[in-house]
Amino acid sequence: MSNSTSVVSSLRRTRAGTRRWLLRLVWTAVSLVLVLLVAAGAGLMWLRAAAKASLPVLDGDVHTSGLVAAVTVRRDAHGVPHIDAASEQDLFFAQGYVTAQDRMWQLDAFRRNAEGELAEVMGSPLIEHDKAQRVLGFRRTAERIYAALSADEKARFEAYARGVNAYITAHQDALPPEFGLLHYKPRPWTPVDSVAIGMTMVQMLDTHWDVKLARERIAAKLNNVKLEADLYPVGSWRDHPPTGEVVDLSQPHPEPPPTTDEDDEDDRTQTQLAPMDDLHAVRAAMGLPTCAGCAPGSNNWVIAGAHTASGKPLLSDDMHLGLTEPNIWYMADLKAPGYHAAGVTLPGMPYVIAGHNEHVAWGFTALYADVQDLYVEALDGRGNYEDADGAWKPLAVDHETIRVRGGKDVTVDVQSTAHGPLLNPMLPKERRAVALKWTLYDSTLNALPLHAMNTAANWTGFSAALGTWCWPTQNVVYSDDQGHIAYHAVGKVPLRPDGPTGLPIEGHSHTSQGYIPFEQMPNAFDPPAGFLATANSRVTTKSSPQKLSLEWADPYRAERIYKTLQGRDGLKPADLLTLETDIYSEVDQEMAHRFAYAIDHAAGTDTRLRAAADLMRSWDGKLTTDSAAASLVTGTRAALWPLILEPKLGALAKDYEWSERNFAEEEIVMHNNPSWLPPGYKDWDALLTEAVRRAMNNGKAPADVSRWNYGSWHVVDIEHPLTKFLPFLRGVAGTGALPLSGDTTTVKQVGRAFGPSQRFTMDWSNVDGSTENIVLGESGNPLSAYFRDQWDDYYNGRTFALPFTPGAVAGQTRHTLRLLP
């Protein structure tokens, strides 16, 4: 009896102990949750207080050293600064100061991005990025360019730097919250920092060397020139070069000119290539888009007064880039004696990049000219390389030290030949010494003609400025208050007797002989058609004296623009906004019909596939967010690439990238190319039907495929750059995932965090009615009224006027700040 009593007592004590232990555990968990909630609440309170403290002064007087005379800064209804100064020196000082008011952390992030110093404040995840920027040498290049500028140009950059530094000095205790979150303060600004930021735009728009490296591997794997040509078309029959000639759109388009990329098939097979580096990771490290079809591009067009309702020219420009918070552009109106320009500026640089002044307007798209060559260098293992004359010369070496927050410094030795830096630190699997020759590295090219463009009064002055433009290569459209319109391709493009090459170069062949003369670059002035447009596709014709590139963008946007605008009269600005936001895709509609036909003629189809076919055959080609057909077509096109590439390329299939890949796919599919039909498929109908099936499976389409709305998965999601390190910022600064219409083949060219970075239309009949808007807003501060006030207009395809004349600016003024000496 006593034993059983003892056991019972022991069990009771054990249970009581267990209950006490569980109770302590619960209280501990509750306490931890409470502590975390309190910490999170305190963190949010700090963040809000820091953001509030860093809000800029928008009204009243601010005294600051560095000015000669007072400067007036009027903010309009969207917070756009209209800066009026008595001299250019004071104007650019004020531009630097005001930009820092709204975007100081972005300025510093842009500078660190360019110069390879992000790991110093964000830690080891940014080491590879910093390594890439150090190897590519943007800081060294910026130092060279700045040293070569004229005294007047240097003075303007120095004035801008003084303005930024005046802001930094006066706001050491009220900097944007990102500085507090990362526990650092910005160092003083220098003019070289401004130039370096400009060089990142060159990197963004002119980088194609990675495609050449991938193509080399893919070509070797295919070992078939015809198959390679299928994947790498050079222009297309759909292209519309901006000649300004009247084109009969009902007639077949002329074929593109032949290429001169005549690398011999047998030579390629002799090269033993190392395992492939992850070029997607390399592109990501350089900050370049990695989504298929998201190559930086743009649309622009200009229409003579003979075809507008007002009788005056209209010009539109929307530049397609990665979308971040805050926006890559900062709108401004800058005025001083002899200078008055408005439009978008690049935070960190003086001047207006794209926009208008009192007499001329202009807009950009990327030209896609080939300005980079890769050279496989011969090294002797003792620090020397073989030069073009056969002599062995010592490699130049720059010792770079990357500071790493929370980690050890990383040292990078950047070796260079006469061609340029060896890229091997970025390509650890590459066994050969591969050097990058880039026009950016030419010490004779140092012009930054933005000031001359901003102050030009007519085409003569404007084109003279364009003639000195070095990089990036661009398509520029132009209009003026005298009724003229024009187009010119700009940038220094190597004059290669053998034409551009799409592969790394062995030895010293394919040498260039200077640069293509400005007058031989594609151009037109007051053309017969009264209309000019570009959208990154081919701009050369068979009669063009020089070949500019092997890689152009897909032709679909330019083709849609020509079909929509050419031959129309009475055009108004609203018509141009409608086109800028157009979401019809002729190629997607064409492919939809082909997929439907395949299902109709394939064996073993089920009810769901037949329902998909019915949706696609009746589709209007508009990629609206409520369209199921849009989901089916885009999903099928994505699923098709692995089906046709992997049997021939294996793991290399993921490295296939080409700016005309959509056209390549169209040609392969529409011609039922037997060379690309994989084993195991009876015919193309069977293959395309399987692609549709995989698209529905990959996309987890509902059983009722008519409910697979495009916007349920195709979204825009713009994030603050720190979100990946501080996820809670997603709810503070980002847009969140929102349904997104259009795709990479529509005039509204879009991806998840990619698309039009601004929209501009110049109307010379009503200068103050000319429109400009960016994506989110002028401010980088979430508590500012101008943080996201433009988003609703942008997302919904609306815009607004940017006042320019004194009366219009006065009528729109909401805040007035005077900067005083």
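Preceding block: the structure.
The sections below set out a description of the structure shown in this document.

Before going further, it helps to spend a moment on the overall build of the protein chain. Assigned secondary structure in the protein chain consists of 24 helices and 26 strands. The C-alpha atoms of the protein chain give a radius of gyration of 29 Å, which matches the 28 Å a tight globule of 821 residues would have. Expressed along its principal axes, the backbone C-alpha trace of the protein chain runs to roughly 115 × 80 × 65 Å. With 821 residues in all, the protein chain has 58% of them scored as buried. In the protein chain, 73% of the contacts between residues at least 6 apart in sequence involve partners at least 24 apart. Taken as a whole, the protein chain presents about 31700 Å² of accessible surface, with 54% of it coming from carbon and sulfur. When the 75 positive and 98 negative side-chain charges of the protein chain are each reduced to one mean point, those points stand 10 Å apart.

With that settled, the discussion passes to the packing of helix α17 (residues 586–601) against helix α19 (residues 628–649). Closest axis-to-axis distance for the α17/α19 pair is 10 Å, and the angle between their directions is 80°. Classed by the angle they form, the pair α17 and α19 counts as roughly perpendicular. Contacts between α17 and α19 involve V587, D588, M591, A592 and F595 from the former and V633, T636 and R637 from the latter. A per-class count over the contact of α17 with α19 returns five nonpolar, one polar and two charged.

This part is about the side chain of D90. Secondary-structure assignment places D90 in helix α2 (residues 88–115). Buried and unpaired, D90 has R162 as its nearest opposite-charge partner, separated by 6.4 Å. Not counting residues within four places of it along the chain, the set of residues in contact with D90 comprises G66, L67, V68, A69, V71 and A85.

Attention shifts here to the sheet that holds strand β18 (residues 505–506). Taken in spatial order, the three strands of this open sheet run β15-β10-β18, and their pairing is mixed. Each edge of the open sheet carries a strand with a single partner, namely β15 (433–438) and β18. In this sheet, β18 lies alongside strand β10 (residues 372–377) in parallel orientation, the contact comprising two bridges. Looking across to β18, one finds that Y375 is bridged to I505.

Along the chain, the position of V80 falls in the loop between β2 (71–75) and β3 (81–84). Taking the C-alpha atoms as reference points, V80 and E778, 698 residues apart in sequence, are found 6.7 Å from one another. Excluding anything up to four places from it in sequence, V80 contacts R74, R75, M331, A332, E778 and L802.

Moving on, we come to the sheet that holds strand β8 (residues 354–357). Taken in spatial order, the 11 strands make up an open sheet running β1-β26-β2-β3-β6-β7-β8-β9-β16-β17-β19, and their pairing is mixed. Edge positions in the sheet fall to β1 (60–63) and β19 (523–525), since each has one partner strand and no second. Within the sheet, the average angular offset between the axes of one strand and its neighbour, ignoring direction, is 20°. Bridge count for β3 against strand β6 (residues 330–336) is three bridges, and the pairing is parallel. From the neighbouring strand, H82 faces β6, where its bridge partner is D333. The sheet strands contacting α2 are β1, β2, β3, β6, β7 (339–345) and β26 (815–820), and the helix crosses β6 at an angle near 160°.

Turning our eyes to something else, we now look at the environment of F92. Mapped onto the fold, F92 is located in helix α2. We classify F92 as buried; its relative accessible area is 0%. Sequence separation of F92 and V493 is 401 residues, and the distance between their C-alpha atoms is 31 Å.

Where helix α18 (residues 607–617) is concerned, the buried positions are L609, A612, A613 and M616. Buried residues of α18 fall within an arc of 100° about the axis and therefore sit on the same side. Its buried side turned inward, α18 meets α17, α19 and α21 (684–698). Structurally, the start of α18 carries an N-cap: the backbone nitrogen of R608 is 3.3 Å from a side-chain oxygen of D606.

Bringing the pattern of salt bridges into the picture now. For the coordinates displayed, the defined rule picks out 54 salt bridges. A salt bridge links R382 to D380, with the nearest nitrogen and oxygen atoms 3.8 Å apart. The salt bridge partner of E690 is R693, with a shortest N-O separation of 2.6 Å. Of this pair, E690 and R693 both sit in helix α21, three residues apart, which is roughly one turn of that helix.

Look at the link from E325 to P326: it is a cis peptide, with omega at -5°. Summarising the element assignment, P326 is placed in the loop between β5 (314–322) and β6. Here the residue pair W471 and P472 is connected by a cis peptide bond, since its omega of -10° sits within 30 degrees of zero. Although it is not a glycine, H183 sits at a positive phi angle of roughly 60°. Classification of H183 as exposed rests on a relative accessible area of 65%. The residue Y368 is not glycine, and still its phi comes out positive at about 70°. By the element assignment, Y368 lies in the loop between β9 (360–366) and β10. Taking relative accessible area as the criterion, Y368 reaches 3% and is therefore assigned buried.

As a further point, take the side chain of D793. Its location among the elements puts D793 in helix α23 (residues 791–795). Overall, the relative accessible area of 15% leaves D793 in the buried class. Non-local contacts of D793, meaning those with residues more than four positions away in its chain, are made with H78, R798 and F800.

Here the distance between the centres and the angle between the planes together describe a pair of aromatic rings. In the structure shown here, the tally under the stated rule is 20 aromatic pairs. Between the aromatic rings of F157 and Y351, the centroid separation amounts to 6.0 Å while the plane-to-plane angle is 80°, which identifies the pairing as edge-to-face. Of this pair, F157 sits in helix α6 (residues 151–170) while Y351 is found in the loop between β7 and β8, placing the two residues 194 residues apart along the sequence. The pair formed by F157 and Y351 is uniform in burial state, with each residue classed as buried. Within the aromatic cluster, the residues linked to one another by ring pairs are W362, W459, F462, Y478 and F525. When the ring centre of Y146 is taken as origin, the NZ or CZ atom of K154, which lies over that ring, is 5.6 Å away. When the ring centre of Y232 is taken as reference, the NZ or CZ atom of R215 above it lies at 4.4 Å.

Here we take up helix α15 (residues 556–565). Of all 10 residues in α15, eight are buried; the element is thus mostly enclosed. Listed in full, the buried residues belonging to α15 are Y556, R557, A558, E559, I561, Y562, T564 and L565. Of the surrounding elements, those touching the buried residues of α15 are β4 (297–303), β5, β20 (531–534), α16 (573–580), α17 and α20 (661–670). Phi for G567, located one or two positions after α15, is positive at around 90°.

Before going further, it helps to examine the nonpolar core. One finds W209, L231, W329, M426 and F462 to be the most contacted residues of the largest nonpolar core, which totals 199 residues. Take this core: its biggest share by element is 13 residues, from α2. Leaving out residues up to four positions away in the same chain, W329 has contacts with R103, M201, M319, L321, V344, T345, L346, P347, I353, S757, Q758 and I774.

What counts, and at which threshold
- Residues numbered from 1 in each chain as written.
- Predicted model: local features only at pLDDT ≥ 70, side-chain atom pairs only at ≥ 80, totals over all residues.
- Heavy atoms only, no water.
- Helix = DSSP H or I, 4+ residues; strand = E, 2+ residues; numbered from the N terminus.
- Rg over C-alpha atoms; globule rule 2.2 N^0.38 Å.
- Buried < 20%, exposed > 50% of the residue type's maximum accessible area, 1.4 Å probe, protein only.
- Contact = heavy atoms within 4.5 Å.
- Areas by Shrake-Rupley, 256 points an atom, 1.4 Å probe, with all protein chains shown as cover.
- Lys, Arg positive; Asp, Glu negative; His and termini not counted.
- Charge placed at Lys NZ, Arg CZ, Asp CG, Glu CD.
- Axes fitted to C-alpha atoms, helices over the stretch in contact; angles between N-to-C directions.
- Parallel < 35°, antiparallel > 145°, perpendicular 65-115°, else oblique.
- Nonpolar A, V, L, I, M, F, W, Y, C, P; charged D, E, K, R; others polar.
- Salt bridge = Lys/Arg side-chain N within 4 Å of Asp/Glu carboxyl O.
- Pairing = 2+ DSSP bridges.
- Arc of directions from axis to C-beta.
- Polar contact = N/O pair within 3.5 Å; in protein donor to acceptor, adjacent residues only side chain to side chain.
- Phe/Tyr/Trp six-rings, centres within 6.5 Å; stacked < 30°, edge-to-face > 60°.
- Lys NZ or Arg CZ within 6 Å of the ring centre and 35° of its normal.
- Core = buried A, V, L, I, M, F, W, Y, C linked by side-chain atoms within 4.5 Å.

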